[in-house]
Amino acid sequence: MVHNLIKNQASARDFSLSSAAEGIAPPEHFLGFGLGLRTDHFQDVLSTNPDIDWFEVVSENFMVDGGKPKHYLHAIRELYPMVMHGVSLSIGSTDPLNMQYLRQLKVLVNELQPQWISDHLCWTGVNQTNSHDLLPLPYNEEALNHVCDRVDQVQNFLGRPILLENLSSYITYKESDMSEWEFFNQVARQSGCNILLDINNIYVSARNHEFDAQDYLEGIDKDKVKQFHLAGHTDYGNYVIDTHDHPVADPVWALYQQALKRFGWVSTMIERDDNIPPLAELLAEVETARNIAYDTLGRLQPLKQGEIVT
Amino acid sequence: MDKLPLASLQQKMINYLVNDDPNVTSTIMKQIKDHGRITRDVRLNIYKNAYQVRLKETIENDHEMLGFFLGDDLFDQMVLGYINAYPSDNTSLRHFADKLPLFLANTPPFKDHPIISELAHFERFLMVAFDAADAALFTRDLLANTPPEQWPDLVFRFHPSVQLAHFHYNSVETWQALKQEQAPEPAKEQPSDWLLWRNKERLTQFRSLPAQEYDLINMILQGASFADLCDFLLQEVSEEQASPLALDYLLKWLDDGILIKQKFIQQ
């Protein structure tokens, strides 16, 4: 459990298995069921204080000096645990690490005291040109060593392990000589980083590259996975695009259940980035995730702060 | 088939995203595996499309009124031109279109209508006001707690969100008309000064600055004291009017929330 260093910030909930249930108790770092915090919902979150375990925020959205978004962010942080999710680390780029970005990230980490920090196993730009997209790496030895070296630098700079997330991808380079999951798992093992497994991205990439999603799950070490993302996509028949603008699709819920069976209790959240519906709709999706997990692993009892199970 | 080093593969992929040259496309195409139900062309194009759409949406979000002013065709022409002229070199999309006013001022056909660049500039001023740093405000209460004998020596500092803008055309009036979904008046030369800032409710606000207030604000920016402001006003109004007028200005600025709390230096 990460303890609060700053007054007036919410700490993570504790969970216990309800006495009737059989199953394995969640690990200490388990945060429960959360949601990606979006600007459209700031007011609603503060006025309705929804019963949700935690929020994820996109780090770059708050790398500003001040103003309304930051004001809301801190007000919401007082009520909920948070994790930070970035899109600009560009861990796989052959450009030098962007130290200005890392310094901004560290400042925000100090402000928010998140439970953890994540970014993507990708590169976003090279030679001073930014694609603002999550571009896939070739999966080979050179890229593996390059990424592990940089993860090490980032973790040393931040003073803590990071989580890396798998992408949705549409191309495979001829330079690749191992599967994405072999590469991903090796990065986690060799660099000491943890894994944010995006269940939707596994589904999307499995469809686009015609592999078995179950092979992906089985290729990832159980103890490395600290967070799940669930999101929607757009299905074009012959291929699928990771649009994050729809509700979670049924095959992704099914894959989520398979992932729970393999990895056990993993902090799970709904990630919607576009076509943002009212807060209640997303909270209902969070409840769906919670119910699937309870059905699969046993019912949990969220405890109030300081409550002890007898 | 030669396997490329990582750096060279990444350079070819970025070149493909920012460049429409068919040779550049075929260079990266050679490195992509041909497999499954869709072609390499379709696969790569998903990335190219995402790149262009994301940058276009950024400009649309930042420059909504400019979009209404230009209409779809000219707006699309502007977006394509800007993306090609200024590929993003920043990690944050917040700053992607920072050079849009410059682009519009120098690129035909936009440069022939300077109000277009001014509209873009005005919208970027609003963005800066929106997320500039926070700072504790100088308030009526703090002023009341300042001993009267110190007032002449007071110097003022502006909130980080405060900006002074000068426009040569009726750009702000045009922006306001578009915002209210009304047809703007034809563009005309109409020099004016504007004050933009983020108010106490954290909303961006702006108003035009009459010449006298503009001069006073510029004096403050150059370090003038309250006594200096009163002296300046003495040249414009009678002796009895100068001090109350200076106080009126000061109270207005305090109520607007544009001055910040600071330690005053005793002269």
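As the structure is a prediction and not an experimental result, all values here were calculated from the model.

### Topic: the UniProt feature "domain: Putative DNA-binding" (unreviewed entry) in chain B
Argument step 1. The positions that UniProt labels "domain: Putative DNA-binding" (unreviewed entry) are, in the present scheme, residues 9–104 of chain B.
Argument step 2. The span residues 9–104 of chain B shows a helical share of 71% and a strand share of 0%, and its end C-alpha atoms are spaced 34 Å apart.

### Some thoughts on the environment of Ser117 of chain B
All names here are of chain B.
Argument step 1. Following the sequence through the fold, Ser117 ends up in helix H6 (residues 114–131).
Argument step 2. With a relative accessible area of 11%, Ser117 lands in the buried category.
Argument step 3. Along the sequence, Ser117 and Phe103 sit 14 residues apart, while their C-alpha atoms lie 7.9 Å from each other.
Argument step 4. The contact partners of Ser117, leaving out residues within four places of it in the chain, are Pro101, Leu104 and Ala105.

### Focus: the interface of chain B and chain A
Argument step 1. In this complex, chain B contributes 48 residues to the contact, which on the side of chain A involves 49 residues.
Argument step 2. Both sides together, the interface formed by chain B and chain A hides about 4200 Å², and carbon and sulfur atoms give 59% of it.
Argument step 3. A per-residue breakdown of the area chain B buries against chain A is headed by Leu6, Tyr47 and Thr91 of chain B, which together make up 17% of the total.
Argument step 4. Where chain B touches chain A, the interface holds one salt bridge.
Argument step 5. In this structure, the salt-bridge partner of Asp133 of chain A is Arg54 of chain B, at a minimum N-O distance of 3.8 Å.
Argument step 6. One can count 25 residue pairs in polar contact (both at pLDDT 80 or more) joining chain B with chain A.
Argument step 7. When residues of the side of chain B that touches chain A are traced back to their parent elements, those giving at least two are helix H1 (6–18), helix H3 (40–62) and H6 of chain B.
Argument step 8. In terms of residues, the side of chain B that touches chain A owes the most to one element, H3 of chain B, which gives ten residues.
Argument step 9. Here the side of chain B that touches chain A is composed, by residue class, of 25 nonpolar, nine polar and 14 charged.

### Some thoughts on the state of the cysteines
Argument step 1. The tally for this structure, following the rule as stated, stands at zero disulfides over all chains.
Argument step 2. Unpaired in terms of disulfides, Cys122 of chain A finds its nearest cysteine sulfur in Cys193 of chain A, a separation of 13 Å.

### Quick word on unusual backbone geometry
Argument step 1. Note the cis peptide between Pro108 of chain B and Pro109 of chain B, where omega equals 0°.
Argument step 2. Relative to the helices and strands, Pro109 of chain B is located in the loop between helix H5 (100–106) and H6.
Argument step 3. Backbone geometry at Asn127 of chain A places phi at a positive 55°, although glycine is not the residue there.
Argument step 4. Structurally, Asn127 of chain A is set in the loop between strand E6 (123–126) and strand E7 (129–135).
Argument step 5. Overall, Asn127 of chain A belongs to the partly exposed group, its relative accessible area being 47%.
Argument step 6. Even without being a glycine, His244 of chain A presents a positive backbone phi close to 55°.
Argument step 7. Judged by relative accessible area, His244 of chain A falls into the buried class, the value being 9%.

### A short note on helix H11 (residues 239–256) of chain B
Residues and elements named next belong to chain B.
Argument step 1. Spanning 18 residues, H11 covers 27 Å between terminal C-alpha atoms, matching the ideal 26 Å at 1.5 Å per step.
Argument step 2. Those residues of H11 not exposed but buried are Ala242, Ala246, Tyr249, Leu250, Leu251, Trp253, Leu254 and Asp256.
Argument step 3. Buried-residue contacts for H11 involve helix H7 (140–144), strand E2 (189–198), strand E3 (204–208), helix H9 (211–221) and helix H10 (226–234).
Argument step 4. Directly after H11, the chain includes Gly257, whose backbone phi takes a positive value near 80°.

### Digging into the sheet that holds strand E1 (residues 163–169) of chain B
Residue and element names in this part refer to chain B.
Argument step 1. Ordered in space as E1-E2-E3, the three strands form an open sheet in which the pairing is antiparallel. What marks the edges here is a single partner per strand, and that holds for E1 and E3. In this sheet, adjacent strand axes meet at a mean angle of 30° when their direction is disregarded.
Argument step 2. Sheet analysis places E1 next to E2, joined by six bridges and oriented antiparallel. For Leu164, the partnering residue across the bridge sits in E2 and is Leu195.
Argument step 3. Taken strand by strand, H9 contacts E1, E2 and E3, and its axis lies near 140° from that of E1.

Cut-offs applied
Residues numbered from 1 in each chain as written. Chains lettered and ligands numbered in written order. Predicted model: local features only at pLDDT ≥ 70, side-chain atom pairs only at ≥ 80, totals over all residues. Heavy atoms only, no water. UniProt positions renumbered as here; feature names shortened; annotations may be inferred. Helix = DSSP H or I, 4+ residues; strand = E, 2+ residues; numbered from the N terminus. Buried < 20%, exposed > 50% of the residue type's maximum accessible area, 1.4 Å probe, protein only. Contact = heavy atoms within 4.5 Å. Buried area = accessible area lost by both parts, 1.4 Å probe. Salt bridge = Lys/Arg side-chain N within 4 Å of Asp/Glu carboxyl O. Polar contact = N/O pair within 3.5 Å; in protein donor to acceptor, adjacent residues only side chain to side chain. Nonpolar A, V, L, I, M, F, W, Y, C, P; charged D, E, K, R; others polar. Disulfide = S-S within 2.5 Å. Expected span 1.5 Å × (residues − 1). Pairing = 2+ DSSP bridges. Axes fitted to C-alpha atoms, helices over the stretch in contact; angles between N-to-C directions.

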